[in-house]
Amino acid sequence: MKNFQLVAADMDITPLLLAIKRQPKLWREDTFLRDFPQGPFGEVETIMLRFPTKGVYASIEEVQNHLSKYDQHENVDYPPYKTLTDARPLIMWLMSRVSGERLGRCMINKIAPGGHIFPHADTPEHADYYSRFHIVLQSNDQSIFRAGDEKVNMRAGEVWWFDNKQTHEVVNEGTNDRIHLVVDIRTAR
């Protein structure tokens, strides 16, 4: 596989998954990605842990204009990063494992049964700067992640790198939610 690489398996994800289940309101606090015009995340609920400072944008051009005035790779902690303390050990372990130099976006994405992340490729500026990792918190046999011409079924407790420069999508045809902790890390190359 060239678009996916298994980084680790058997991560203890239970404390974070239980913390998320105890705070279901977190799924409704931030709808930025879900509501983004023409975005691929219309069927996804997200808990933002770290993300760039957001504004209200009507188009991708407005986002690019906003980012042109700032360090587009800078991310800030959002309140759930302080609330979901069980996310930090997983993220910091991953930073150490891959020789991380800078922590980027961190978010928890949930795709309900029958849901999708529609095909898209991340912007070259972002994908060239950060490496994208997924820590699988919950999955099922019918949740398929495609990047380029490769498909993977990721299992709970696994950690994966994938090439987010490739057109990618996720389809959850299973009977339970697919929940991933997505972590962007600038690595020593």
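Quick note: structure is the one above.
Residues numbered from 1 in each chain as written. Predicted model: local features only at pLDDT ≥ 70, side-chain atom pairs only at ≥ 80, totals over all residues. Heavy atoms only, no water.

(A) The sheet that holds strand β8 (residues 150-152), seen in detail. Ordered in space as β5-β10-β7-β8, the four strands form an open sheet in which the pairing is antiparallel. With one partner strand each, in any of the chains shown, β5 (116-120) and β8 form the two edges of the open sheet. Taking each pair of neighbouring strands and ignoring which way they run, the sheet shows an average axis angle of 20°. (Pairing = 2+ DSSP bridges. Helix = DSSP H or I, 4+ residues; strand = E, 2+ residues; numbered from the N terminus. Axes fitted to C-alpha atoms, helices over the stretch in contact; angles between N-to-C directions.)

(B) Spotlight on helix α5 (residues 87-97). Those residues of α5 that sit buried are Ala 87, Leu 90, Ile 91, Leu 94 and Met 95. Axial view of α5: buried residues confined to an arc of 135°, hence all on one face. Turned more than 90 degrees away from the buried face of α5 sit Pro 89 and Ser 96, all of them exposed. (Buried < 20%, exposed > 50% of the residue type's maximum accessible area, 1.4 Å probe, protein only. Arc of directions from axis to C-beta.)

(C) Looking closely at the side chain of His 180. Considering the arrangement of structural elements, one finds His 180 in strand β11 (residues 178-187). On the basis of relative accessible area, His 180 is assigned to the buried category, the value being 1%. Leave out the neighbours within four places in its chain, and His 180 touches Met 107, Ile 108, Asn 109, His 134, Ile 135, Val 136, Leu 137, Gln 138 and Met 154. (Contact = heavy atoms within 4.5 Å.)

(D) Inspection of the sheet that holds strand β3 (residues 76-77) at higher detail. With antiparallel pairing, the seven strands of this open sheet are ordered in space as β1-β9-β6-β11-β4-β2-β3. The sheet terminates laterally at β1 (4-8) and β3, the two strands that pair on one side only. Pairing between strand β4 (residues 100-111) and β11: nine bridges, direction antiparallel. Within β11, the position partnered with Cys 106 by the bridge is Val 183. Helix-sheet contacts for helix α1 (residues 14-22) involve β2 (44-51), β4, β6 (131-138) and β11, and the interaxial angle to β6 is about 70°. The sheet strands contacting α5 are β1, β2, β3, β4, β6, β9 (159-162) and β11, and the helix crosses β4 at an angle near 135°.

(E) The pattern of salt bridges, seen in detail. Tallied over the entire structure, the rule returns 11 salt bridges. Close ionic contact of Arg 132 with Asp 122 constitutes a salt bridge, the shortest N to O distance being 3.1 Å. Residue Arg 132 is located in strand β6, and its partner Asp 122 is located in the loop between β5 and α6 (124-129); the two are separated by 10 residues in the primary sequence. When sorted by exposure, Arg 132 lands in the same class as Asp 122, which is buried. (Salt bridge = Lys/Arg side-chain N within 4 Å of Asp/Glu carboxyl O.)

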